[in-house]
Amino acid sequence: MNRRAWVELVALAALWGAVYPLIEVALRDLSPTVVVLGRVLLACLLLMPLAIRYNALPDLWRQPRAIIETVLVQSTIPLLLLTYGQQYVPAGIAGILVGAQPLFVAILAYRYAPDERPQGLKGAAGIAIGFVGLILLFGVDLRGGRLALLGGALVLAAALCYAAGTIMIHRRHAAAPPLGVATSAMLVTSTVMITPATLTLPGHLPNAGVLAAIAFLGIVCTGMTLVLFYTLIARTGPARAALAFYLSPAFAVAFSTVFVRERITVSAVIGLGAIVAGCLLAAQRAEPTPA
């Protein structure tokens, strides 16, 4: 990759890592449903004109049931699980837990995506190492009672949904324009969240910091990052663009330490290292044999 691609890759990972402290700030004055709606609605307003301009939606919506099922699993449900879970889990730990998504992709691939299966003992070892990191986080950093464990389980379930959604997109919509899939995800999630968010609106205007967090979360960390991610896929290929997944948990930890004053433990750093190493091992694929 050239220098520009590396800069864009690091910027993408940093913006993804900023999601978790921003959610924590937004939850100070807003309910989880309002946070999710604000995030996806702003992203939808940014992406919809682009999707219309590039005609990215019509072919995708010829099978509405398939795309709705996919984006519910890949977007709506995990966004809710993550945001509810972050009520009880520190932002840095949430970022590390969601970083386990490639582990779940590797496990699901054994059954649902043969071409994405981990390779041999190295892949199995990667999954094992990653789960050691998860066990360490739950055993040490989420010992704060039942609510902490519940929050951790919700965030980890969000990672599982992201992984399942990735497999569904791979199986059902591999030929679809990525911009169309992303826009559809924001559109469906916005539609689903309008009613529950309306029922939990705050009784007062949130402070400026919360409003700024929601605006940045929706416009930059959701809408613009999706555009940047798919631009990187087009320029460098999906494997290299996916490097942002492995870098983003480290940014989540760093931003949480600096901006929301979280204390990062040694066990969290070790857990992060184990999860990232496990994901990298599990994600390796065998090179095709030359004819």
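All values reported here derive from a predicted model rather than from experimental measurement.

Caption draft 1: View of a nonpolar patch on the surface. Taken together, the side chains of Tyr88, Leu147 and Leu150 present a nonpolar region at the surface, about 270 Å² in accessible area. Looking at the secondary structure, you find Leu150 in helix 7 (residues 146–172).

Caption draft 2: View of the pattern of salt bridges. For the structure shown, the criterion picks out four salt bridges. Of the charged contacts in the structure, one is a salt bridge between Arg62 and Asp59, with a shortest N-O distance of 3.2 Å. Each member of the pair, Arg62 as well as Asp59, is classed as exposed. The residue Arg172 makes a salt bridge to Glu69 at a minimum N-O spacing of 3.0 Å. On the criterion of sequence distance, the pair formed by Arg172 in helix 7 and Glu69 in helix 3 (residues 64–85) is long-range, its members being 103 residues apart.

Caption draft 3: Summary view of the environment of Val227. Mapped onto the elements, Val227 comes out in helix 9 (residues 208–236). Through-space distance from the C-alpha of Val227 to that of Leu50 is 9.3 Å; in sequence the pair is 177 residues apart. Not counting residues within four places of it along the chain, the set of residues in contact with Val227 comprises Leu47 and Leu50.

Caption draft 4: Layout of the side chain of Thr265. Structurally, Thr265 can be placed in the loop between helix 11 (243–259) and helix 12 (266–283). Judged by relative accessible area, which is 18%, Thr265 ranks as buried. Within the structure, the side chain of Thr265 is placed 2.9 Å from the side chain of Ser267, a separation counted as a polar contact.

Caption draft 5: Representation of helix 1 (residues 3–26). Across its 24 residues, helix 1 extends 34 Å between first and last C-alpha, which sits within 8% of the 34 Å expected from 1.5 Å per residue. Along helix 1, the sharpest change in direction is near 30° and occurs at Tyr20; proline Pro21 comes one to four residues later.

Rules and cut-offs
- Residues numbered from 1 in each chain as written.
- Predicted model: local features only at pLDDT ≥ 70, side-chain atom pairs only at ≥ 80, totals over all residues.
- Heavy atoms only, no water.
- Patch = residues over 30% accessible without salt bridge, like charges linked within 9 Å, V, L, I, M, F, W, Y side chains within 5 Å.
- Areas by Shrake-Rupley, 256 points an atom, 1.4 Å probe, with all protein chains shown as cover.
- Salt bridge = Lys/Arg side-chain N within 4 Å of Asp/Glu carboxyl O.
- Helix = DSSP H or I, 4+ residues; strand = E, 2+ residues; numbered from the N terminus.
- Buried < 20%, exposed > 50% of the residue type's maximum accessible area, 1.4 Å probe, protein only.
- Contact = heavy atoms within 4.5 Å.
- Polar contact = N/O pair within 3.5 Å; in protein donor to acceptor, adjacent residues only side chain to side chain.
- Expected span 1.5 Å × (residues − 1).
- Bend = angle between axes of the 7 residues up to and from the residue.

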